[in-house]
Amino acid sequence: MNDPNGYSFADGAYGGVKIVREHMDKMWNDLISPVLIRSDFKDRDTFIKGLFLRAFGWMKTLEKLDHVSNSQAILAGFRSLLEITVDLLFLHRDKTNLTGWKMYCWGQSEKLKGAEQLIQFYESRGLPLSQEHEPTEAFYKQEKLIIEDMRDNLWPNIKRKHPDRWSGKRLREDIREIDKYFEDELRSEIRA
């Protein structure tokens, strides 16, 4: 590569982003948005739509980052897109609602973690919780034991703590699992 500043690579990547964003726009309008969420698969279907919209939002953002000087933001976008892709593949693989349910539970667990941190912040300073945070405190009091029991059931190896990912594993481990599951499909894509 004779381009010491990486401008050719950046221009090519930018062109690819535009193509993918346009394709995703068509997919959303023609395939994904019109699909109704099924009651038996509510969590799975909701997360498929939500993750697709997050990816679509990232593609729209990346399309605006059209200069090599935006590399930090571009890399953050690529990292998020990698995680979204892995999660979508887990949802695709699981034809039940279980993965979607686990993602939903992880979100509730994350909400509890945020509530705990907020309450601890005020308590550590000897301050009363402000009125605007009363709903957070009510959620904490009502849901704490339920969510901790859920954590024990879904992620028993981390003892009542909030896991970094809904799977209870590191992203790297999830990527390896997805690679193994979709190995044949990935190989045929690369050969094509």
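Everything here concerns the structure above.
Everything numeric in this text was worked out from a predicted model, so none of it was measured.

**Q** So what exactly am I meant to see when it comes to the overall build of the protein chain here?
**A** A count of helical and extended segments in the protein chain gives seven helices and zero strands. Here the C-alpha coordinates of the protein chain stretch approximately 60 × 40 × 35 Å along the principal axes. Classification of the 192 residues of the protein chain by burial places 31% in the buried group. Residue pairs in contact within the protein chain that sit at least 24 positions apart in sequence constitute 64% of those at least 6 positions apart.

**Q** Sorry if this is basic, but what is going on with the packing of helix H2 (residues 42-64) against helix H4 (residues 98-124) here?
**A** For any two helices packed against each other, one specifies the inter-axial angle together with the distance between the axes. Relative orientation of the contacting elements H2 and H4 amounts to 70 degrees, with a least axis distance of 7 Å. Comparing their axes, H4 and H2 come out roughly perpendicular. Counted together, Asp43, Arg44, Phe47 and Leu51 of H2 and Gly100, Trp101, Met103 and Tyr104 of H4 form the full contact between these two elements. For the contact of H2 with H4, the residue count by class is five nonpolar, one polar and two charged.

**Q** What exactly am I supposed to notice about the environment of Tyr122 here?
**A** Relative to the elements of secondary structure, Tyr122 occurs in helix H4. Not counting residues within four places of it along the chain, the set of residues in contact with Tyr122 comprises Leu127, Pro128, Leu129, Ser130 and His133.

**Q** How do you make sense of unusual backbone geometry when you look at a structure like this?
**A** Unusually for a residue other than glycine, Lys159 sits at a positive phi of about 50 degrees. The residue Lys159 is located in the loop between helix H5 (134-154) and helix H6 (171-181) in this model. The exposure class assigned to Lys159 is exposed, which follows from its relative accessible area of 63%. One non-glycine residue, Arg160, adopts positive backbone phi at about 65 degrees.

**Q** Teacher, can you tell me more about the nonpolar core here?
**A** Among the nonpolar cores identified, the biggest contains 30 residues, and Met24, Phe52, Met59 and Leu62 are the most heavily contacted of them. When contributions to this core are tallied by element, the ones reaching two or more residues are helix H1 (7-32), H2, helix H3 (71-93), H4, H5 and H6. Excluding residues that lie within four positions of it along the chain, Phe52 makes contacts with Met24, Met27, Trp28 and Ile32.

**Q** Would you mind showing me how to read the pattern of salt bridges here?
**A** Two side chains with opposite charge may pair up if their charged atoms get near one another. Using the criterion set out here, one finds 17 salt bridges in the structure. With a closest N to O distance of 3.5 Å, Arg160 and Asp149 form a salt bridge. Here Arg160 is found in the loop between H5 and H6, whereas its partner Asp149 is found in helix H5, with 11 residues between them in sequence. Beyond isolated ion pairs, a larger network of salt bridges with shared partners links Arg79, Glu83, Asp87, Arg165 and Asp174.

**Q** How should a nonpolar patch on the surface be read in this particular structure?
**A** A surface patch of nonpolar side chains, about 310 Å² in accessible area, is lined by Leu98, Trp101 and Tyr104. Looking at the secondary structure, you find Leu98 in helix H4.

**Q** Where do I start with the side chain of Asn97 in this structure?
**A** With respect to the helices and strands, Asn97 occurs in the loop between H3 and H4. A relative accessible area of 17% means that Asn97 is categorised as buried. Apart from residues no more than four positions distant in its own chain, Asn97 is found in contact with Asp40, Phe41, Lys42, Asp43 and Arg44.

**Q** For this particular structure, what's the right way to read the packing of aromatic side chains?
**A** The description of an aromatic ring pair rests on the distance of the ring centres and on the angle between the ring planes. The final tally for this structure, using the stated rule, is six aromatic pairs. For the pair Phe90 and Trp166, a centre-to-centre distance of 5.4 Å together with 85 degrees between the ring planes defines the contact as edge-to-face. Separated by 76 residues along the polypeptide, Phe90 in helix H3 and Trp166 in the loop between H5 and H6 bring together distant segments of the chain. Assessed through its relative accessible area of 5%, Phe90 is described here as buried. Members of the aromatic cluster, connected to one another through ring pairs, are Trp28, Phe52 and Phe56. Taking NZ or CZ as reference, Arg93 lies 4.9 Å from the ring centre of Tyr181, over its face.

Cut-offs applied
Residues numbered from 1 in each chain as written. Predicted model: local features only at pLDDT ≥ 70, side-chain atom pairs only at ≥ 80, totals over all residues. Heavy atoms only, no water. Helix = DSSP H or I, 4+ residues; strand = E, 2+ residues; numbered from the N terminus. Buried < 20%, exposed > 50% of the residue type's maximum accessible area, 1.4 Å probe, protein only. Contact = heavy atoms within 4.5 Å. Axes fitted to C-alpha atoms, helices over the stretch in contact; angles between N-to-C directions. Parallel < 35°, antiparallel > 145°, perpendicular 65-115°, else oblique. Nonpolar A, V, L, I, M, F, W, Y, C, P; charged D, E, K, R; others polar. Core = buried A, V, L, I, M, F, W, Y, C linked by side-chain atoms within 4.5 Å. Salt bridge = Lys/Arg side-chain N within 4 Å of Asp/Glu carboxyl O. Patch = residues over 30% accessible without salt bridge, like charges linked within 9 Å, V, L, I, M, F, W, Y side chains within 5 Å. Areas by Shrake-Rupley, 256 points an atom, 1.4 Å probe, with all protein chains shown as cover. Phe/Tyr/Trp six-rings, centres within 6.5 Å; stacked < 30°, edge-to-face > 60°. Lys NZ or Arg CZ within 6 Å of the ring centre and 35° of its normal.

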